[in-house]
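Next come the chains, spelled out residue by residue.
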Amino acid sequence: MLNTKTTASPTAPLDEKHLAVLATLQVKLASLGVEGHFLPFVSEGPVVTLYRFVPQNATRVSLVERVAPDLAIALGAECVQVKRLPGEMAVGIYVPNKEKKHILFRDSVGHVWDAFNNKKQRIPLLFGIDHMGNFVVEDLPLLPHLLIAGATGSGKSTFLNSILAGLIYCVPPGRLKLVLSDVKQVEFTNFVGAPHLMFPVSTSIHETLEQMEWLIDEVNRRLTVLAKASCQNILQYNALETRSALPYILFVIDELAEILMDKSNEEQEIPDGKGGTKIKLLSRGKLAEHRLGLIAQKARATGVHIIAATQRPSVKVVEGNIKANFPARVSFRLPSEADSRTILNTSGAEQLLSQGDMLFVSPNSPAIRRLHAPLASIEDIRAAVDVACRR
Ligand SMILES: Nc1ncnc2c1ncn2[C@@H]1O[C@H](COP(=O)(O)OP(=O)(O)OP(=O)(O)O)[C@@H](O)[C@H]1O
Ligand SMILES: [Mg+2]
């Protein structure tokens, strides 16, 4: 991959290399009985180039989608994705560029700054850049929790790191607190010393369970504070001039599956029905699922939000309680179409490239967006932490 400044052209005329790709696509589609024509322009993003194919009258979009693997073979490409383009009369054929460009954090962080300072987003998350060259930054409280899935090495931790670096750089610690869980122990080491951290980064399941317990208490405490002030949510409360504002709290878990699948037992105090409590043994995985569900259900109004990443998108891990409470989802490359359906309710994630190539579905936008995540280096993260400490 090249390390160059991010460029993307919304639509550009076809040059020689595009014409060669088009010729191959045209021949292959015709040989497979897929009839239609290409529009005479492309959108060349940093990682993939989008060709627009208009199917002939009787040609179904699903037919074009189904031949994606054949197109990849014809082009000798790692993967080709075919998706309908919402609002356009064409089907998008996404072909990986021979030379892919990294989306650099330092070229993207200005968009987070702008979202926080000018657009008044509260927890601006930098998702990435689309094929038209647009940077996508969304306000987490509107989502209000985010679930991330992706095979190993697809870019989950890198994405979390660049999101966190952007927040630490742009949002003052008085406005946002972070609670971080990293049972792999190596992903969030560069955030040590950031003034936003409520606690040291949790590196064990036991510590993460303690963080969850603290968060449940905090959510309940905040609900009481809001009720006493006759406010429905943190937005109304923070608008009151007579009280000091409550900071938002973001709970980030890298490797959720590892926690939810843990079968070892933890002692749990539960009510005994006679006004006292008794000790019950519960698997840590079940306990974590229960606590996470409680936080996710009640936290929205109180300004507490969750981002959780999982390598295993199996139905067992994310179905039910978890999925219902996380309407916003990001999927990096996944091994199979079935995995893609578990996370996104549609296929497509199995056709992504690795290294930060993602599909993003948000409750605020009907279309699934293909984006490329930024890459924050260790120096970028340390610089963000240093700036936050000095401020
Ligand atoms: N947005 C990106 N741009 C460029 N390279 C990336 C990007 N995201 C990830 N990579 C590359 O891919 C490698 C693996 O990424 P990462 O560690 O984030 O994967 P992961 O999904 O967290 O994997 P695991 O499940 O094993 O923890 C990184 O070390 C980096 O080299
Ligand atoms: Mg990881």
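Scoring rules and cut-offs
Each chain carries its own residue numbering, running from 1 in the written order of its sequence. Ligands are numbered from 1 and chains lettered from A, in the order in which they are written. Where totals are concerned, whole chains, interfaces and linings use all residues; where local detail is concerned, this predicted model gives features only for residues with pLDDT of at least 70, and gives and counts side-chain atom pairs only at 80 or more. Helix and strand labels come from DSSP, where a helix needs a run of H or I of at least four residues and a strand needs a run of E of at least two; each type is numbered from the N terminus. Where helices are involved, their axes are fitted lines through C-alpha atoms of the stretch in contact, as for all axes, and angles between N-to-C directions lie from 0 to 180°. Between 65 and 115 degrees an angle is taken as roughly perpendicular, under 35 as roughly parallel, over 145 as roughly antiparallel, and anywhere else as oblique. By the definition used in this description, the sense in which the near helix is turned from the far one sets the handedness, with an anticlockwise turn below a right angle giving left-handed and a clockwise turn giving right-handed. By the convention adopted here, residues make contact when the C-beta atoms placed from their backbones lie within 7 Å. Source of the domain bounds: an automatic or database domain assignment. Residues are sorted three ways: Asp, Glu, Lys and Arg are charged, Ala, Val, Leu, Ile, Met, Phe, Trp, Tyr, Cys and Pro are nonpolar, and all the rest, Gly among them, are polar. Multiplying one less than the number of residues by 1.5 Å gives the expected span of a helix. In this scheme every C-beta is placed from the backbone, and a residue whose C-beta has 20 or more other C-beta atoms within 10 Å is buried, one with 12 or fewer is exposed, and one in between is partly exposed. Residue-level confidence of the predictor is summarised by pLDDT, bounded by 0 at the bottom and 100 at the top. We call a residue near a molecule or strand if the C-beta atom, set from the backbone, is within 6 Å of it. The directions considered for the arc are those from the helix axis to the C-beta atoms. For two strands to pair, DSSP has to find at least two bridges joining them.

Chemist: Hey, could you run me through the environment of Pro69 in this one?
Modeler: You can see Pro69 is positioned in helix H3 (residues 68-75). Residues Pro69 and Arg175, 106 residues apart in the sequence, show an inter-C-alpha distance of 47 Å.

Chemist: It is not clear to me how the packing of helix H4 (residues 105-117) against helix H5 (residues 156-170) should be interpreted in this structure. Could you clarify?
Modeler: Two measures define how a pair of helices packs: the angle their axes make with one another and the distance between the axes. As a packed pair, H4 and H5 sit with axes 9 Å apart at the nearest point and diverge in direction by 55°. Relative to H5, H4 is oriented oblique. Considering the relative orientation of H4 and H5, their crossing is right-handed. On H5, the residues touching Phe105, Val109, Val112, Trp113 and Phe116 of H4 are Ser162, Ala165, Gly166, Tyr169 and Cys170.

Chemist: What should I look at first to understand the domain arrangement of the protein in this one?
Modeler: How large an interface is tends to be reported as the accessible area lost when its parts come together. Here the protein is described as being made up of domain 1 (9-96) and domain 2 (105-390). Centre-to-centre, using C-alpha coordinates, domain 1 lies 35 Å away from domain 2. Contacts between the two partners involve 16 residues from domain 1, matched on the other side by 12 residues from domain 2. Those elements that place two or more of their residues in the side of domain 1 that touches domain 2 are strand S1 (9-13), strand S3 (48-55), strand S4 (81-84) and strand S5 (91-96). Across the side of domain 1 that touches domain 2, the residue classes break down as 10 nonpolar, 4 polar and 2 charged.

Chemist: It is not clear to me how H5 should be interpreted in this structure. Could you clarify?
Modeler: An α-helix turns once per 3.6 residues; consequently, residues spaced three or four apart project the same way. Taking 1.5 Å as the rise per residue, H5 with 15 residues should run 21 Å; its terminal C-alpha atoms sit 21 Å apart, in good agreement. Buried residues dominate H5, accounting for 14 of its 15 residues.

Chemist: Just checking my understanding: could you explain the confidence of the model for the protein for this structure?
Modeler: With 97% of its residues at a pLDDT of at least 70, the protein reaches an overall mean of 91. Scored below 50 in pLDDT, residues 1-8 shows 22 contacts in the model against residues more than four places distant or in partner chains.

Chemist: Looking at this structure, I do not really get the site of ligand 1. What am I missing?
Modeler: Residues in contact with ligand 1 amount to 15 residues; listed here are only the nearest, Gly155, Lys156, Ser157, Thr158 and Gly356. Listed by contribution, the elements that provide at least two residues to the shell around ligand 1 are H5 and strand S18 (374-375). Grouping the constituent residues of the shell around ligand 1 by class yields 3 nonpolar, 11 polar and 1 charged.

Chemist: Is there a simple way to explain the packing of helix H6 (residues 205-228) against helix H9 (residues 284-299) in this structure?
Modeler: Orientation of H6 relative to H9, taken along the N-to-C sense of each, is 25°, at an axis distance of 10 Å. On the basis of the axis angle, H6 is roughly parallel to H9. For H6 against H9, the interelement crossing comes out left-handed. Counting all contacts with H6, which are made through Ile205, Thr208, Leu209, Met212, Glu213, Leu215, Ile216, Val219 and Leu223, the residues of H9 involved are Arg284, Leu287, Ala288, Arg291, Leu292, Leu294, Ile295, Lys298 and Ala299. Residues of the contact of H6 with H9, tallied by class, amount to 13 nonpolar, 1 polar and 4 charged.

Chemist: What should I look at first to understand helix H12 (residues 337-344) in this one?
Modeler: Residues of H12 that are buried: Asp339, Ser340, Thr342, Ile343 and Leu344. Considered in projection along H12, the buried side chains sweep an arc of 165° and stay on one side of the axis. The secondary structure elements touched by the buried residues of H12 are strand S9 (146-149), helix H10 (315-318), strand S15 (328-331), strand S16 (357-362) and strand S17 (365-372).

Chemist: For this particular structure, what's the right way to read the pairing of strand S12 (residues 265-271)?
Modeler: Side chains on a regular strand alternate between the two faces of the sheet. With 0 of its 7 residues buried, S12 lies for the most part at the surface. Looking at chain direction, S12 and strand S13 (residues 277-283) are connected through 7 bridges and run antiparallel. Bridge pairing in S13 links Glu269 to Ile279.

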